[in-house]
Amino acid sequence: MKEISRAARRDRILDVAVETLAERGYRRTTMLEVARRASASKETLYAWFGSKPRLFEAVILRNADSVRSVVEGHLNGDAPVEAALADFGRALAGLLLGESAVAINRAAISEARTAPELGRILSQSGREATLPVFVRYLERRRSDGALAFDDAVQAAEAYIGLLLGDAQVRRLLGVMPPPGNAELEGRARLASQMFLLIYGA
């Protein structure tokens, strides 16, 4: 199988896994059902992912990569801090308030007692894979005099709080629709401006 075809096929399977999760929940989502809906063989899913938890780990890692790559693009760049923060905020809010992350977070919460591995995977492959890169960016900008804070992790968490507010909770509860591009842009720019009022040097 050509690499580009394999990558596209893999993405299709991950998309179907999220769709099935949103519809059926984690417990009732099976590798066989995902394979059937993706027009793939069960053998392919097990060969590529190994198990249902690893399948959703792949989804979470793909999500995290989409945000982390934005921050990594600024690690050695010279874009103004406000612009870089807005880029990160736009990507992070788009992810966490989007359908894929909402479905995974709902599943992790609902299965916290019966299938705690999903929550652990979500934490390790999501937050813990993304936040350290953002912390490194903030530390670099502190070292060049653009930002001022004592604790980079605390500053990173403050930015995320300014960005999301209670929107993620409202999305999980189903009382808020997915935000459009204009709302994401507004959230990212406002959070960046507020962050610089607090931590700008």
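Residues numbered from 1 in each chain as written. Predicted model: local features only at pLDDT ≥ 70, side-chain atom pairs only at ≥ 80, totals over all residues. Heavy atoms only, no water.

This paragraph deals with helix α7 (residues 116-143). Given 3.6 residues per helical turn, the α-helix brings residues three or four places apart onto the same face. The end-to-end C-alpha distance of α7 is 39 Å, a good match for the 40 Å that 28 residues give at a rise of 1.5 Å each. Within α7, the axis deviates most sharply at R127, by approximately 30 degrees. Remark: G145 follows α7 within two positions and exhibits a positive phi of approximately 90 degrees. (Helix = DSSP H or I, 4+ residues; strand = E, 2+ residues; numbered from the N terminus. Expected span 1.5 Å × (residues − 1). Bend = angle between axes of the 7 residues up to and from the residue.)

This next bit is on the packing of helix α8 (residues 152-164) against helix α10 (residues 181-199). The geometry of α8 relative to α10 is characterised by a closest axis approach of 8 Å and an angle of 140 degrees between their N-to-C directions. In terms of their interaxial angle, α8 and α10 are classed as oblique. Between α8 and α10 lies a crossing of right-handed hand. Side by side, α8 and α10 meet where Q154, A155, A158, Y159, L162, L163 and L164 of the first sit next to R187, A188, A191, S192, M194, F195, I198 and Y199 of the second. Of the residues that constitute the contact of α8 with α10, the class distribution is 12 nonpolar, 2 polar and 1 charged. (Axes fitted to C-alpha atoms, helices over the stretch in contact; angles between N-to-C directions. Parallel < 35°, antiparallel > 145°, perpendicular 65-115°, else oblique. Left-handed = near helix turned anticlockwise from the far one by under 90°. Contact = heavy atoms within 4.5 Å. Nonpolar A, V, L, I, M, F, W, Y, C, P; charged D, E, K, R; others polar.)

Once that is clear, we can look at helix α5 (residues 81-96). Spanning 16 residues, α5 covers 22 Å between terminal C-alpha atoms, matching the ideal 22 Å at 1.5 Å per step. Those residues of α5 lying buried are V81, A84, L85, A86, F88, G89, L92, A93, L95 and L96. On the buried face of α5, the contacting elements are α4 (52-75), α6 (99-110), α7, α8, α9 (167-173) and α10. (Buried < 20%, exposed > 50% of the residue type's maximum accessible area, 1.4 Å probe, protein only.)

Its place among the elements puts N105 in helix α6. Using a relative accessible area of 16% as the deciding quantity, one classes N105 as buried.

Moving on, we come to the packing of aromatic side chains. One pass over the structure, following the stated rule, counts 8 aromatic pairs. Where W48 meets F49, the ring centres are 6.4 Å apart and the plane angle is 70 degrees; that geometry is what we call edge-to-face. Ring plane angle 85 degrees and centroid distance 5.6 Å describe the contact between Y159 and F195, whose orientation is recorded as edge-to-face. Within this pair, whereas Y159 is found in helix α8, its partner F195 is found in helix α10, the two being separated by 36 residues in sequence. Under the relative-accessibility criterion, Y159 is labelled buried at 0%. Here the aromatic cluster, defined as three or more aromatic residues joined through ring pairs, consists of F88, F134, F149, Y159, F195 and Y199. In this arrangement the basic side chain of K52 is found over the ring face of Y26, its NZ or CZ atom lying 4.2 Å from the centre. (Phe/Tyr/Trp six-rings, centres within 6.5 Å; stacked < 30°, edge-to-face > 60°. Lys NZ or Arg CZ within 6 Å of the ring centre and 35° of its normal.)

Taken N-terminus to C-terminus, the directions of α4 and α6 make an angle of 135 degrees; their axes are 11 Å apart at the nearest point. When the axes of α4 and α6 are compared, the pair comes out oblique. At the point where α4 passes α6, the crossing takes the left-handed sense. Packed against α4, whose contacting residues are V59, I60 and N63, the element α6 presents S100, A101 and I104 at the interface.

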